[in-house]
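So you can see what is in the structure, the chains are spelled out below.
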Amino acid sequence: MKNMAELTLAVKNISPRFVKAATLVIAACALAIAQSSPELPQVHLDAAGLAPRPVEELTGTTIARHYALAWRDLASALESGRAGGLGDEFVGFAKDRLVQRIGEQNQAGVHVRIVDHGHHLKAIFYSTDGSAMQLLDQAELEIQTFDGNKLLDTQNAPHEYIVLVTPGADRWYVRDLEEVSAKPF
Amino acid sequence: MMRTSRGDFTLCKRLTGLALLCVLPSWARAAELQVPASVEAGQAFSIPLEGSGQATFYLLGPDHVVKRSVSLGSELPIQSGDVRTAGRYQVIVCGSSCTSAGFEVKAAQPAHLSFFLHPSRVPVSTPGSIDATAFVFDRYFNLVLTPAAVDFQITPASGAGFSRQVSTRHGAAWMRMDSTPHEGRVQVTAVLGNVEEARVIQQVAAEACALRMKAVTSGDMVTLETEPVRDCSGNALPDGTVVSFTKIDKAGKSTVDTPIKKGIARVQFSVRGPAQISVACGVVLGNEVALGGKL
């Protein structure tokens with residue numbers, strides 16, 4: 001009983017200081033995460049003339065944001081070799097393939113650094129029921145390939161991707177990401 | 001102070017030329033990494049490697065990375081399993097220096113259809129109410145970007161079937177159609193070569209049409225009963241569809257919602273004095289019945 005009383009007193013004394021300290025730690029962590037997380041690449045979505053369904057403004061904004069998050073996570077995962085870094089933006093074939101690629105990169109001791117100069121997305125198909133959207137992504141990427149610390153190659157050419165995105169509860173997922181021969185911008 | 005005579009200058013030019021000749025072959029070799037511009041997914045091919053000695057070969061694809069030692073001056077076989085996924089691939093060969101080239105793997109022949117039919121239930125005779133979307137994939141589940149003709153074959157429960165052919169664009173084909181006049185299941189099959197995917201949609205009766213009721217009084221009670229509730233195409237509305245009866249009399253206004261059972265809706269009211277009763281189903285108003293004279 002005496003112990004309980006001491007404990008209660010101790011908690012009473014420590015609690016305000018602890019709460020203040022914890023708040024500071026959380027704030028510091030949040031600040032550190034915000035500072036350490038790479039910037040989102042620029043994504044511009046053009047949905048003019050989209051068929052068979054037009055895209056609502058809010059939907060367009062959400063797609064652009066989550067596509068930017070997807071590329072940030074993709075670049076980070078390919079460089080760090082951590083498939084877990086892919087986040088929640090990829091599903092289906094896109095995720096399976098990236099996870100496999102990262103695994104094999106790690107086995108080979110290779111990694112890739114992507115310097116992302118932005119994406120111009122053109123929405124080319126949006127199903128009537130809103131369950132799938134196809135995008136054409138013209139991306140300006142600088143891709144550096146390393147074996148260990150040795151730079152093997154640098155590619156600095158336009159890249160073009162056909163992207164299939166599908167909606168989830170709170171975001172749009174990248175379900176398929178297929179690079180095709182790019183036309184000059 | 002250094003001075004260069006004319007003879008020294010000529011010798012210097014010759015040495016520079018010789019040095020360039022020594023350097024140029026390695027540049028030439030760097031430029032001679034010959035890869036095809038594109039290959040079909042799952043097709044093996046080979047890359048000729050010029051030069052001599054050992055080098056390290058890297059192949060980086062969308063889901064695959066290969067690193068191995070190779071002998072220059074030989075053909076480097078690329079296995080079918082190395083190029084199953086469509087997309088851009090990068091080849092890097094590093095000897096004393098690294099050279100790189102890229103090629104595209106394109107999807108193989110169509111082998112799978114991912115087919116969506118929307119909605120799952122639709123009222124009959126509704127313009128533009130059915131949407132069909134098909135994505136075309138090859139056997140490795142690469143989106144087939146080469147245009148292909150998808151045949152949408154529509155088979156209603158009654159009446160003649162029909163089909164629509166749509167060409168894919170960026171791997172997707174879609175079409176919109178009206179629902180047919182009769183209720184029941186409609187099967188839509190997407191066909192591409194010998195690949196087929198079928199989906200079924202249920203057509204249900206549309207809004208009620210010519211809704212009518214009759215009233216039978218017995219003392220203070222009145223029994224109201226609709227005629228069989230049908231849509232304008234003669235399809236019976238499904239049991240469970242709600243029909244609303246509204247009575248206005250001295251006691252005020254009261255509404256009773258009742259489901260259709262065995263094609264008709266029935267309800268019983270107590271009435272005080274003159275009364276006016278109306279019937280409605282969804283957005284459709286039926287006839288009105290006046291009991292005991294005007295209100």
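Residues numbered from 1 in each chain as written. Chains lettered and ligands numbered in written order. Predicted model: local features only at pLDDT ≥ 70, side-chain atom pairs only at ≥ 80, totals over all residues. Heavy atoms only, no water.

Glancing now at the overall build of chain A. Along chain A, the regular secondary structure elements total three helices and six strands. Reading chain A from its N terminus to its C terminus gives the helix and strand order α-β-α-α-β-β-β-β-β. Of all 185 residues assigned to chain A, the portion counted as buried reaches 42%. The long-range fraction of contacts in chain A, counting pairs at least 24 apart against all pairs at least 6 apart in sequence, stands at 60%. (Helix = DSSP H or I, 4+ residues; strand = E, 2+ residues; numbered from the N terminus. Buried < 20%, exposed > 50% of the residue type's maximum accessible area, 1.4 Å probe, protein only. Contact = heavy atoms within 4.5 Å.)

Residues and elements named next belong to chain A. Here helix H2 (residues 57-80) crosses helix H3 (residues 92-108) at 25 degrees, and the two axes come no closer than 9 Å. Taken together, H2 and H3 sit at an angle that is classed as roughly parallel. Listed contacts from H3 to Leu74, Ala77 and Leu78 of H2 are Leu98, Arg101, Ile102 and Gln105. Partitioned by chemical class, the residues of the contact of H2 with H3 number five nonpolar, one polar and one charged. (Axes fitted to C-alpha atoms, helices over the stretch in contact; angles between N-to-C directions. Parallel < 35°, antiparallel > 145°, perpendicular 65-115°, else oblique. Nonpolar A, V, L, I, M, F, W, Y, C, P; charged D, E, K, R; others polar.)

Our focus in this paragraph is the pattern of salt bridges. Residue and element names in this part refer to chain A. Applying the stated criterion to the full structure yields twelve salt bridges over all chains. Between Asp46 and Lys122 there is a salt bridge; the shortest N-O distance is 3.5 Å. With Asp46 in strand S1 (residues 43-46) and Lys122 in strand S2 (residues 110-126), this residue pair connects regions lying 76 residues apart in the sequence. The network of salt bridges with shared partners includes Glu89, Asp170 and Arg171. (Salt bridge = Lys/Arg side-chain N within 4 Å of Asp/Glu carboxyl O.)

A few words on the sheet that holds strand S3 (residues 54-60) of chain B. Backbone-to-backbone hydrogen bonds join strands into a sheet, with any given pair of strands oriented parallel or antiparallel. Strand order in the open sheet formed by five strands is S1-S7-S6-S3-S4 (chain B), and the pairing between neighbours is mixed. Only two strands of the sheet have a single neighbouring strand rather than two, namely strand S1 (38-40) and strand S4 (65-71) of chain B. For this sheet, the mean inter-axis angle between neighbouring strands, taken without regard to orientation, is 25 degrees. By the bridge criterion, seven bridges tie S3(B) to S4(B) in an arrangement that is antiparallel. Note that in S4(B) the partner of B:Leu60 across the bridge is B:Val65. Against the sheet, H3(A) makes contact with S3 and S4 of chain B, and its axis sits at roughly 35 degrees relative to S4(B), the strand it touches most. (Pairing = 2+ DSSP bridges.)

Quick look at the packing of aromatic side chains now. We describe a pair of aromatic rings using the distance from one ring centre to the other and the angle between the two ring planes. Under the definition given, this model contains ten aromatic pairs over all chains. With a centroid separation of 6.1 Å and an interplanar angle of 80 degrees, the aromatic rings of A:Phe125 and B:Phe135 are classed as edge-to-face. With A:Phe125 in strand S2 and B:Phe135 in strand S10 (residues 130-138), this residue pair bridges two chains. With centroids separated by 6.1 Å and ring planes inclined at 85 degrees, the aromatic side chains of B:Phe116 and B:Phe135 adopt a geometry described as edge-to-face. Note that B:Phe116 is positioned in strand S8 (residues 110-118) and B:Phe135 in strand S10, a separation of 19 residues in sequence. Look at B:Phe116 and you get partly exposed, because its relative accessible area is 34%. Members of the aromatic cluster, each reached through a chain of ring pairs, are A:Tyr67, A:Trp71 and A:Tyr161. (Phe/Tyr/Trp six-rings, centres within 6.5 Å; stacked < 30°, edge-to-face > 60°.)

Moving on, we get to the interface of chain B and chain A. Every contact between the two is made by 33 residues of chain B and, on the other side, 30 residues of chain A. For the chain B and chain A pair, buried surface summed over both sides reaches about 2,900 Å², with 58% attributable to carbon and sulfur atoms. Linking chain B with chain A are one salt bridge, by the criterion used here. Put simply, A:Asp147 and B:Lys67 hold a salt bridge, and the shortest N to O gap is 3.0 Å. Mapped by element, the contributors of at least two residues to the side of chain B that touches chain A are S3, S4, strand S6 (87-94), strand S7 (98-106), S10 and strand S13 (172-177) of chain B. Sorting elements by how many residues they give to the side of chain B that touches chain A places S6(B) first, with five residues. Counted by class, the side of chain B that touches chain A contains 16 nonpolar, ten polar and seven charged residues. (Buried area = accessible area lost by both parts, 1.4 Å probe.)

Now for the sheet that holds S10(B). Residues and elements named next belong to chain B. Spatially, the three strands line up as an open sheet ordered S8-S10-S13, and their pairing is antiparallel. With partners counted over all chains shown, the strands left at the sheet margins are S8 and S13, one partner each. Within the sheet, the average angular offset between the axes of one strand and its neighbour, ignoring direction, is 15 degrees. The pairing of S10 with S13 spans six bridges and is classified as antiparallel. In the strand pairing of S13, Asp131 is matched with Arg176.

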